[in-house]
Amino acid sequence: MQTSLPPSFLATAKAADAILRKCVHCGLCTASCRTYRLLGDERDSPRGRIYLIKDMLETSTAHPAIRQHLDRCLLCRACETACPSGVEYGRLFEIGRQELEQRSARPLLDRWIRRALRMTLPYPRRVQHLTRLARIIRPLLPRNYRDNLPLAPPAVAHGWPQRRHRRTMLLLEGCVQPVLAPAINTAAARVFDRLGITLLSARGCCGALSYHLSAIDEARGFMRRNIDRWWPVLERGAEALIITASGCGAMVRDYGDLLRGDPCYAAKAERVSALARDPCQVLMQEDLDPIRAATDVRPRIAFHSPCTLQNALKLTGVTETLLQALGFNLVAVQDPHLCCGSAGSYSILQGSLSRRLLAEKVKHLEALRPTLIATANIGCYQHLRQKARVPVKHWIELLDPATAPAA
Ligand code: SF4
Ligand code: SF4
């Protein structure tokens, strides 16, 4: 793609220019784009959005319509995986979104809603109080909020293991996950305990919500605070930072890049990113016999692989292979690369599109009558639970007798 970006914003121009020049307009990415498949508008396809961003950067003007098309993007990065030319769509999109935010202010209500999300969701206590209140006033809420109101979490049957092993790893508990699905982290701690590894709790929001709502400085603040909290434990020999939510995992894997320009945190951020692991990566390296011995129920599973697991962490097929190695029966799922429509705050901010994407995804997941749906990200877990007729679990829960389905 030929470009003529003005030199006025040199900081981002080079990066954007390099990405744009790789695009050969072939359109192979469009088939993997859920918004294009749904809306049939080129401006809601990856290629169309690339053109819109290019035009904005070249002309230094932000046409009001561009915001609508960028806001509709799930940032699932399925297009990036499909692109034969290696166009880093996600990176270009973030550059474009930042430019747009700086050039044209959002309407007041939109800004207010986004600010409210940033002020509540990253803080577990606020999430807890808010969900309690929202359940009481549920009938009065607008549909987007009513539909996204989390169902009550399943009870946690057992607490964290008390044994202490020589091998330790950190476990990022996350912000909404301990409130909406506390059994996931407990199950992870119990599964790793069975393998002779103690998981030590690491608190804090990864910063993804702020980052994807364009509050970049706020996101960097979360990252720095997390590094300060986690660093002493990593220095004492924790082998890895386990992250059960693939969305948070993808964010932490980017800490090194995002704090590269900060002389105080760059080296530490790089190390934290290098130590971040999805639990499937660790389990694939361990002797699984203690887990096999502990669980005897093997339900038929439809596995929903989150976009962040596939396109950001590049772990397509790893969890599925692990579950099959443990004897689970995985049913085939149509279009497993397509997003469920959760996408962070997308289900709230783009409620109607998100509901359509969810309906189609659940139809595909339930087509072969699984006993349950398993996934690997708190956002997808919560979103799928709104519509699925079978139980939804994080896959790690299936490996712990306390949270696995009963025979
Ligand atoms: S992003 Fe990649 S797949 Fe899409 S049009 Fe450009 S080169 Fe083709
Ligand atoms: S990130 Fe997802 S929704 Fe956005 S353009 Fe790419 S495929 Fe489409």
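Residues numbered from 1 in each chain as written. Chains lettered and ligands numbered in written order. Predicted model: local features only at pLDDT ≥ 70, side-chain atom pairs only at ≥ 80, totals over all residues. Heavy atoms only, no water.

### Points about the overall build of the protein
Okay, so step 1: Within the protein one finds 23 helices and eight strands.
Okay, so step 2: By principal-axis analysis of the C-alpha atoms, the protein measures approximately 60 × 50 × 45 Å.
Okay, so step 3: For the protein, the residues scored as buried account for 55% of the 407 residues in total.
Okay, so step 4: Partitioning the contacts of the protein with sequence separation of at least 6, the portion at a separation of at least 24 is 73%. (Helix = DSSP H or I, 4+ residues; strand = E, 2+ residues; numbered from the N terminus. Buried < 20%, exposed > 50% of the residue type's maximum accessible area, 1.4 Å probe, protein only. Contact = heavy atoms within 4.5 Å.)

### Thoughts on the site of ligand 2
Okay, so step 1: Contacts to ligand 2 come from Cys 33, Thr 35, Pro 46, Arg 49, Cys 73, Leu 74, Leu 75, Cys 76, Arg 77, Cys 79 and Tyr 89.
Okay, so step 2: For the shell around ligand 2, the class distribution of residues is eight nonpolar, one polar and two charged. (Near = heavy atom within 4 Å. Nonpolar A, V, L, I, M, F, W, Y, C, P; charged D, E, K, R; others polar.)

### Remarks on the pattern of salt bridges
Okay, so step 1: Scanning the model with the defined rule gives 29 salt bridges in all.
Okay, so step 2: Three or more residues are tied together by salt bridges with common partners; here these are Arg 67, Asp 71, Glu 101, Arg 106, Asp 110 and Arg 114. (Salt bridge = Lys/Arg side-chain N within 4 Å of Asp/Glu carboxyl O.)

### Quick word on the sheet that holds strand 6 (residues 329–330)
Okay, so step 1: With parallel pairing, the four strands of this open sheet are ordered in space as 6-5-7-8. Strands at the two margins of the open sheet, each flanked by one partner only, are strand 6 and strand 8 (392–394).
Okay, so step 2: In this structure, strand 5 (residues 300–303) lies alongside strand 7 (residues 372–375), joined through three bridges in parallel fashion. Bridge pairing in strand 7 places Ile 301 opposite Leu 372. (Pairing = 2+ DSSP bridges.)

### Some points on the pairing of strand 5
Okay, so step 1: Both strand 5 and strand 6 contribute to a ladder of two bridges, which runs parallel. Of the residues in strand 6, the one forming a bridge with Arg 300 is Asn 329.

### Some words on the environment of Met 251
Okay, so step 1: Structurally, Met 251 can be placed in helix 14 (residues 246–253).
Okay, so step 2: In this structure, the C-alpha to C-alpha distance between Met 251 and Cys 76, residues 175 residues apart in sequence, is 13 Å.
Okay, so step 3: Among residues more than four places away in sequence, those in contact with Met 251 are Cys 206, Gly 207, Ala 208, Tyr 211, Met 223 and Leu 258.

### Some words on the site of ligand 1
Okay, so step 1: Taken together, 13 residues are adjacent to ligand 1, and Cys 23, Cys 26, Gly 27, Cys 29 and Cys 83 come closest.
Okay, so step 2: Here the residues of the shell around ligand 1 sort into nine nonpolar, three polar and one charged.

### Describing helix 4 (residues 64–71)
Okay, so step 1: Regarding helix 4, the residues found buried are Ile 66, Arg 67, His 69, Leu 70 and Asp 71.
Okay, so step 2: The inward-facing, buried residues of helix 4 abut helix 3 (46–59), helix 6 (89–103), helix 7 (108–120) and helix 21 (346–349).

### Concerning a nonpolar patch on the surface
Okay, so step 1: Together, Leu 133, Ile 136, Ile 137 and Leu 140 make up a nonpolar patch on the protein surface, roughly 430 Å² of accessible area in all.
Okay, so step 2: Here Ile 137 lies in the loop between helix 8 (124–136) and helix 9 (143–147). (Patch = residues over 30% accessible without salt bridge, like charges linked within 9 Å, V, L, I, M, F, W, Y side chains within 5 Å. Areas by Shrake-Rupley, 256 points an atom, 1.4 Å probe, with all protein chains shown as cover.)

### Here we look at the packing of helix 3 against helix 6
A pair of packed helices is characterised by two quantities: the angle between their axes and the separation of those axes.
Okay, so step 1: Look at helix 3 against helix 6: their axes get within 10 Å of each other, and the N-to-C directions meet at 45°. One finds that helix 3 runs oblique with respect to helix 6. When the axes of helix 3 and helix 6 are compared, the crossing they make is left-handed. Residue-level contacts link Pro 46, Arg 49, Ile 50, Ile 53, Met 56 and Leu 57 of helix 3 to Tyr 89, Leu 92, Phe 93, Gly 96, Glu 99, Leu 100 and Arg 103 of helix 6.
Okay, so step 2: Counted by class, the contact of helix 3 with helix 6 contains nine nonpolar, one polar and three charged residues. (Axes fitted to C-alpha atoms, helices over the stretch in contact; angles between N-to-C directions. Parallel < 35°, antiparallel > 145°, perpendicular 65-115°, else oblique. Left-handed = near helix turned anticlockwise from the far one by under 90°.)

### Describing the environment of Asp 71
Okay, so step 1: For Asp 71, the location among the structural elements is in helix 4.
Okay, so step 2: Given a relative accessible area of 17%, Asp 71 falls into the buried group.
Okay, so step 3: Note: C-alpha distance between Asp 71 and Asp 44 (27 residues apart in sequence) is 9.6 Å.
Okay, so step 4: Every residue in contact with Asp 71, bar those within four places of it in the chain, is listed here: Arg 106, Arg 114, Tyr 346 and Gln 350.

### Brief notes about the side chain of Asp 262
Okay, so step 1: Its place among the elements puts Asp 262 in the loop between helix 15 (255–258) and helix 16 (266–275).
Okay, so step 2: A polar contact of 2.7 Å, which involves the side chain of Asp 262, links it to the side chain of Arg 224. (Polar contact = N/O pair within 3.5 Å; in protein donor to acceptor, adjacent residues only side chain to side chain.)

### A few points about the packing of helix 3 against helix 4
Okay, so step 1: Interhelical geometry of helix 3 versus helix 4 gives an angle of 140° and a closest axis separation of 10 Å. Taken together, the axes of helix 3 and helix 4 are oblique relative to one another. The way helix 3 lies across helix 4 gives a crossing that is left-handed. Side by side, helix 3 and helix 4 meet where Arg 49, Leu 52, Ile 53 and Met 56 of the first sit next to Ile 66, His 69 and Leu 70 of the second.
Okay, so step 2: The class makeup of the residues in the contact of helix 3 with helix 4 is five nonpolar, one polar and one charged.

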